[in-house]
Amino acid sequence: MTDNLRRVTELDRLIHEPARLLIVTILSSVESADFLFLQRETGLTKGNLSAHLSKLEDAGYVKIHKTFKGKLPLTVCKLTAAGTKAVAQYRQQLQSFMEMTTQ
Amino acid sequence: MESRMLDVERRVKRYWYSDGIAELSSGGMFILLGLYFGIQGYFGEGSIVSVVLQVGLVLIMIGGVFGVRWLVNTLKARITYPRTGYVEYRVDDREAKTRRYTVAAVAMVIAIASMVLVRYIRGLDSMVLITGVLVAIVFIALRGKSSGVTRFYYLGGYSLLLGTGLSLGDLSDEYNLALFYGLLGVAVMVSGGTVLRRYLRENPMPAEADND
């Protein structure tokens, strides 16, 4: 049990937060997605989503690029290599923890 | 938790089909193919028109693939992205590549098996039957199973029924294929049109650019 608890504390807290986990899960399944799509999929407010994206950007997990598609302003978000690695590691840790607890 | 993450990933994949634009475009392509076979059937084998059309089929197929891709991207940029957001999907996804190769291999095995089988069934038009089976496999295995969109299973079933039904008739190969692609194209377009109508009703255009 102690070992299980230790494994939980080893989880990346930045990703473990539910809203951020949702954001990185969405971004891990695509090449990139814009702010509007992330807002609709996560159900977060603009301010909330901005704050979470900033934290992920500061950690080097997400790259944010502001551009235009025609006349439409686009804020495109993309998972970096470090972010992709962190998500994969998180999933692996979570899976091994689940396996241990169900044994 | 893991299953919820997988649900999110599936939902993101389904987003591509949420507006029906891809179906409307591919439905148009099917109708174009139907017209091609119809014209070929009308002029008959050996005619100059038929020879020109046979060469033209390659151009129609290649041009169609690029044309459909361009049309889908243009329509999505105008209709979908301003309403519900922009997503760029990975094209060189290893899982997608493996799935595509597997489906292609299965489709080839089924096509060969069908060809061998239909030789022993008199009065059956093998061409339209095999086409129906192959298109059904594409709809069910490539689109339905990977995206989890239920309507592709229905379209796959429809293709199978259409191919089987037409194979029992007395029409020539060309007219059978013309009817098959034409009717399939109409069904795919109706499906796409219905989805697009619902999408537009549920997602009105935002009053101003609302992207950050």
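Before reading further, recall that the structure is shown in the block above.
Along each chain, residues carry numbers from 1 onward, in the same order as the chain's sequence is written. Written order decides the labels, with chains lettered from A and ligands numbered from 1. Local features in this predicted model are restricted to residues of pLDDT 70 or higher, and side-chain atom pairs are both shown and tallied only at a pLDDT of 80 or more, whereas totals for entire chains, interfaces and linings draw on every residue. Values shown for side chains rest on all heavy atoms present in the structure; no hydrogens or waters enter the calculation.

Turning to the overall build of chain A, a few remarks are in order. To qualify as a helix, a DSSP run of H or I must reach at least 4 residues; to qualify as a strand, a run of E must reach at least 2; elements of each kind are numbered from the N terminus. Within chain A, the regular secondary structure consists of 6 helices and 3 strands. Reading the secondary structure of chain A in the N-to-C direction produces α-α-α-β-α-α-β-β-α. When the backbone C-alpha atoms are referred to their principal axes, chain A occupies close to 55 × 25 × 20 Å. Note on areas: Shrake-Rupley with a 1.4 Å probe; residue coverage comes only from the protein chains shown. On chain A, roughly 5600 Å² of surface is accessible, and the fraction owed to carbon and sulfur atoms is 55%.

Attention now goes to the packing of aromatic side chains. Here is the rule: rings of Phe, Tyr and Trp (six-membered ring for Trp) pair when centre to centre is within 6.5 Å. Planes less than 30 degrees apart are stacked, more than 60 are edge-to-face, and the remainder are tilted. Going through the model one piece at a time under the given rule, you end up with 11 aromatic pairs over all chains. Seen from their ring centres, A:Phe37 and B:Tyr15 are 4.6 Å apart, and the 55 degrees between their planes marks the pair as tilted. Taken together, the residues A:Phe37 in helix 4 (residues 35-42) and B:Tyr15 in the loop between helix 1 (2-14) and helix 2 (21-43) connect one chain to another. Overall, the relative accessible area of 1% leaves A:Phe37 in the buried class. Residues B:Phe37 and B:Tyr181 carry aromatic rings whose centres are separated by 5.7 Å and whose planes lie at 10 degrees to one another, so their mutual orientation is stacked. Highlighted residues: B:Phe37 in helix 2 and B:Tyr181 in helix 7 (residues 173-202), separated in sequence by 144 residues. Accessible area is worked out with a 1.4 Å probe on protein chains only. A residue is then buried under 20% of its type maximum, exposed over 50%, and partly exposed in between. For B:Phe37, a relative accessible area of 13% gives the class buried. Over the aromatic face of B:Trp16 sits the side chain of B:Lys76, whose NZ or CZ is 4.3 Å from the ring centroid. Lysine and arginine charges are scored as sitting over a ring when NZ or CZ, respectively, is within 6 Å of the ring centre and within 35 degrees of the ring normal. The cationic tip of B:Arg151 hangs over the ring face of B:Phe152; the distance from NZ or CZ to the ring centre is 5.4 Å.

Another aspect to go through is the side chain of B:Arg83. The residue B:Arg83 is located in helix 3 (residues 48-84) in this model. The charge count treats Lys and Arg as positive and Asp and Glu as negative. His and the chain ends do not count. Salt bridges are counted wherever a side-chain nitrogen of Lys or Arg sits within 4 Å of a carboxyl oxygen of Asp or Glu. Buried within the structure, B:Arg83 lacks any salt-bridge partner; B:Asp19 is the closest side chain of opposite charge, at an N-O distance of 9.0 Å. Contacts described as polar in this section are N or O atom pairs within 3.5 Å, which, within protein, must combine one atom able to donate a hydrogen with one able to accept it, while residues neighboring in sequence count only if both atoms come from side chains. At 2.8 Å, the side chain of B:Arg83 forms a polar contact with the backbone oxygen of B:Asn203. Contacts are assigned to residue pairs with any non-hydrogen atoms lying within 4.5 Å of each other. Sequence-distant contacts of B:Arg83, that is, excluding residues within four places in its chain, are made with A:Leu36, A:Arg40, B:Arg78, B:Tyr199, B:Leu200, B:Asn203, B:Pro204, B:Met205 and B:Pro206.

A few words on the packing of helix 5 (residues 126-147) of chain B against helix 6 (residues 151-167) of chain B. When two helices pack together, their arrangement is captured by the angle between the axes and the distance separating the axes. Residues and elements named next belong to chain B. Put simply, helix 5 and helix 6 touch, their axes get as near as 8 Å, and they point 175 degrees apart. Classed by the angle they form, the pair helix 5 and helix 6 counts as roughly antiparallel. Residue-level contacts link Val-128, Leu-129, Gly-132, Val-133, Val-135, Ala-136, Phe-139, Ile-140, Arg-143, Gly-144, Lys-145 and Ser-147 of helix 5 to Phe-152, Tyr-153, Leu-155, Gly-156, Gly-157, Ser-159, Leu-160, Gly-163, Thr-164, Leu-166 and Ser-167 of helix 6. Only Asp, Glu, Lys and Arg are considered charged, only Ala, Val, Leu, Ile, Met, Phe, Trp, Tyr, Cys and Pro nonpolar, and every remaining residue, Gly among them, polar. Among the residues making up the contact of helix 5 with helix 6, the classes are represented as 12 nonpolar, 9 polar and 2 charged. Only the stretch in contact is used when a helix axis is fitted, and all axes are lines through C-alpha atoms; the angle between N-to-C directions ranges over 0 to 180 degrees. To sort the angles, those under 35 degrees are grouped as roughly parallel, those over 145 as roughly antiparallel, those from 65 to 115 as roughly perpendicular, and the leftovers as oblique.

Residues and elements named next belong to chain A. Residue placement: Leu-38 occurs in helix 4. With relative accessibility at 0%, the residue Leu-38 sits in the buried group. With sequence-adjacent residues up to four places away left out, Leu-38 is seen in contact with Ile-26, Leu-27, Gly-43, Leu-49, Leu-53 and Cys-77.

The next thing to look at is the interface of chain A and chain B. Tallying the contact residues gives 29 residues for chain A and 24 residues for chain B. Here chain A meets chain B over a buried area of about 2800 Å², counting both sides, of which 58% is carbon and sulfur. Summed over both partners, the accessible surface that disappears when two parts come together, traced with a 1.4 Å probe, is what is meant by buried area. On the chain A side of the interface with chain B, the three residues burying the most area are A:Leu36, A:Phe37 and A:Arg91, jointly 21% of the side's total. Applying the counting criterion to the chain A and chain B interface returns 3 salt bridges. Close ionic contact of A:Glu41 with B:Arg11 constitutes a salt bridge, the shortest N to O distance being 2.8 Å. Ranked by residue count, the leading element in the side of chain A that touches chain B is helix 3 (residues 18-28) of chain A, at 6 residues. In terms of residue class, the side of chain A that touches chain B is made up of 15 nonpolar, 6 polar and 8 charged. For strand 1 (residues 32-34) of chain A and strand 1 (residues 87-88) of chain B, the ladder comprises 2 bridges, and the chain directions are antiparallel. By the bridge assignment, A:Ser32 is partnered in strand 1 of chain B with B:Glu88. A strand pair is defined by DSSP finding two or more bridges across the two strands.

Okay, the pattern of salt bridges next. Under the counting rule described, the total for this entry stands at 7 salt bridges over all chains. Residues B:Glu23 and B:Arg151 are paired through a salt bridge, measuring 2.6 Å at the closest nitrogen-oxygen approach. Residue B:Glu23 is located in helix 2, and its partner B:Arg151 is located in helix 6; the two are separated by 128 residues in the primary sequence. Among the ionic contacts, a cluster of salt bridges with common partners joins A:Glu31, A:Lys78 and B:Arg90.

All names here are of chain A. As for its placement among the helices and strands, Thr-42 is situated in helix 4. A relative accessible area of 14% places Thr-42 in the buried class. Here the side chain of Thr-42 touches Leu-38 through a polar contact of 2.6 Å, landing on its backbone oxygen. Reaching out from Thr-42, the side chain makes a polar contact with the backbone nitrogen of Leu-44 at a distance of 3.4 Å. Once you skip the residues sitting within four places of it in the chain, Thr-42 turns out to touch Leu-22, Ile-23, Ile-26 and Leu-49.

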